[in-house]
Amino acid sequence: MGKLTVRALRAVLVVVLAGTVFVQALMVWALATDPEDGSLPLTPLRVITILGMVSAQVALVCVWRLVTMVRRGTVFSHAAFRYVDGVIGAIVAAALVWFAVTVLNAPGQRDDPGVTVIMGGVGVAILGVALIVLVLRMLLVQAVARDGEAAQLQAELDEVI
């Protein structure tokens, strides 16, 4: 991975992390100061927003660590699994948060349940992303095993020579 790519990705990660912290701060401030007017269940939606931002932040930190490991050439190690598992967990948490938003929104959509169905479909799609990352984790498992085999073969070759 080139230096420019790493810097660009880290810049994006920093901007998104700062944005999520900003949104969280606004939601906490709104929870503390803004009373509900009764038109929407604002308090649960604000709490869900805060939790959704936490899941995004966990994923961002894990991606940052994985990029660092790629840059150092240590990504093909067992330490990388912790961060990949963190990304998978964060995506599943985001899907659960989305399903909670769907449930809160559903009573207002009784006349047009299509919105709720679409929102449910988006939640399933988010879970699909988690499954894709899980498949990529399995590929990482294979790569770590191959890397270990290659190191062992290299050591045996060095003994022979």
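By convention here, each chain's residues receive numbers from 1 onward along its written sequence. Two thresholds apply to this predicted model, a pLDDT of at least 70 for residue-level local features and 80 or more for giving and counting side-chain atom pairs, whereas whole-chain, interface and lining totals are computed over all residues. Side-chain numbers come from the whole structure's heavy atoms, not from hydrogens or water.

Enquirer: What is the right way to look at the overall build of the protein in this model?
Expert: Working definition: helices are DSSP H or I runs of at least four residues, strands are E runs of at least two. Numbering for both runs from the N terminus. In terms of regular secondary structure, the protein is built from four helices and zero strands. Secondary structure elements of the protein occur, N-terminal to C-terminal, as α-α-α-α. With respect to the principal axes defined by its C-alpha atoms, the protein has extents near 80 × 30 × 25 Å. Residues counted as buried form 25% of the 161 residues belonging to the protein. Working rule for contacts: check all heavy atoms of both residues, and any pair within 4.5 Å makes them a contact. Long-range contacts, defined as pairs at least 24 residues apart, comprise 71% of the intrachain contacts of the protein with a sequence gap of at least 6. Computed over 11 positive and 11 negative side-chain charges, the separation of the two mean positions in the protein equals 10 Å. Per-residue accessibility, obtained with a 1.4 Å probe over protein chains only, is compared with the maximum for each type, and a residue is labelled buried under 20%, exposed over 50%, and partly exposed between these values. Positive charge is attributed to Lys and Arg, negative charge to Asp and Glu, and no charge count is given to His or to the chain ends. To locate a charge, take atom NZ for lysine, CZ for arginine, CG for aspartate or CD for glutamate.

Enquirer: Help me understand a nonpolar patch on the surface, please; the structure alone is not making it clear to me.
Expert: On the surface, Ile-132, Val-135, Leu-136 and Leu-139 cluster together into a nonpolar patch covering about 370 Å² of accessible area. A relative accessible area of 45% places Val-135 in the partly exposed class. For patch building, the residue pool is restricted to those with more than 30% relative accessible area and no salt bridge; the joining distance is 9 Å between like charges and 5 Å between nonpolar side chains (Val, Leu, Ile, Met, Phe, Trp, Tyr). Accessible areas in this description were obtained via Shrake-Rupley with a 1.4 Å probe; residue shielding takes into account the shown protein chains only. Between Lys or Arg on one side and Asp or Glu on the other, a salt bridge is scored when a side-chain nitrogen of the former is within 4 Å of a carboxyl oxygen of the latter.

Enquirer: In this structure, what is going on with the packing of aromatic side chains? I would like to understand it.
Expert: The description of an aromatic ring pair uses the distance of the two centres, along with the angle that the planes make with each other. Pairing of aromatic side chains requires ring centres within 6.5 Å, counting the rings of Phe and Tyr and the six-membered ring of Trp. Pairs whose planes differ by under 30 degrees are stacked, by over 60 edge-to-face, and all others tilted. Using the criterion set out here, one finds zero aromatic pairs in the structure. Two limits define a charge over a ring: the Lys NZ or Arg CZ must be within 6 Å of the ring centre, and within 35 degrees of the ring normal. Note that Arg-10 overlies the ring of Trp-64, its terminal NZ or CZ placed 4.8 Å from the centroid.

Enquirer: I'm lost on the side chain of Thr-102 in this one. Help?
Expert: By the element assignment, Thr-102 lies in helix α3 (residues 79-105). What Thr-102 contacts, discounting residues up to four positions off in sequence, is Thr-116, Met-119 and Gly-120.

Enquirer: Even after reading the chapter, I still don't get the packing of helix α2 (residues 42-72) against α3, so can you show me in this structure?
Expert: The description of two helices packed together rests on the angle between their axes and the distance between the axes. The geometry of α2 relative to α3 is characterised by a closest axis approach of 9 Å and an angle of 160° between their N-to-C directions. It follows that α2 is roughly antiparallel to α3 by the angle criterion. Both α2 and α3 take part in a crossing whose hand is left-handed. The nonpolar class holds Ala, Val, Leu, Ile, Met, Phe, Trp, Tyr, Cys and Pro. Asp, Glu, Lys and Arg form the charged class, and all remaining residues, Gly among them, are polar. Residues belonging to the contact of α2 with α3 are distributed by class as follows: 22 nonpolar, three polar and one charged. Working convention: axes come from line fits to C-alpha atoms, limited for helices to the stretch in contact. Angles between N-to-C directions cover 0 to 180 degrees. Working definition: roughly parallel below 35 degrees, roughly antiparallel above 145 degrees, roughly perpendicular at 65 to 115 degrees, and oblique for all remaining angles. Note: crossing handedness is left-handed where the near helix turns anticlockwise from the far helix by less than a right angle, and right-handed where it turns clockwise.

Enquirer: Looking at this structure, I do not really get the packing of α3 against helix α4 (residues 114-160). What am I missing?
Expert: Look at α3 against α4: their axes get within 9 Å of each other, and the N-to-C directions meet at 175°. In terms of orientation, α3 lies roughly antiparallel with respect to α4. Per-class residue counts for the contact of α3 with α4 are 25 nonpolar, five polar and two charged.

Enquirer: How should the environment of Met-69 be read in this particular structure?
Expert: With respect to the helices, strands and loops of the structure, Met-69 is situated in helix α2. Residue Met-69 is classed as buried on the basis of its relative accessible area of 7%. A C-alpha to C-alpha distance of 7.6 Å links Met-69 and Ala-80, two positions eleven residues apart in sequence. The contact partners of Met-69, leaving out residues within four places of it in the chain, are Thr-74, Val-75, Ser-77, Ala-79, Ala-80 and Tyr-83.

Enquirer: Please clarify how the pattern of salt bridges should be interpreted in this entry.
Expert: Two side chains carrying opposite charge are able to pair once their charged atoms lie near each other. Counted according to the given criterion, the structure contains one salt bridge. The residue Asp-85 makes a salt bridge to Arg-137 at a minimum N-O spacing of 2.5 Å. With Asp-85 in helix α3 and Arg-137 in helix α4, the pair connects residues that are 52 residues apart, well separated along the chain. Classification of Asp-85 as partly exposed rests on a relative accessible area of 35%.

Enquirer: What is the right way to look at the nonpolar core in this model?
Expert: Buried Ala, Val, Leu, Ile, Met, Phe, Trp, Tyr and Cys residues that are joined via side-chain atoms within 4.5 Å together make up what is termed a nonpolar core. Core analysis: the biggest nonpolar cluster contains 15 residues, and Leu-66, Met-69, Ala-80, Val-84, Val-133 and Leu-140 have the highest contact counts within it. If you list the elements that add at least two residues to this core, you get α2, α3 and α4. With near-sequence residues (within four places) excluded, Val-84 lies in contact with Leu-66, Val-133, Arg-137 and Leu-140.

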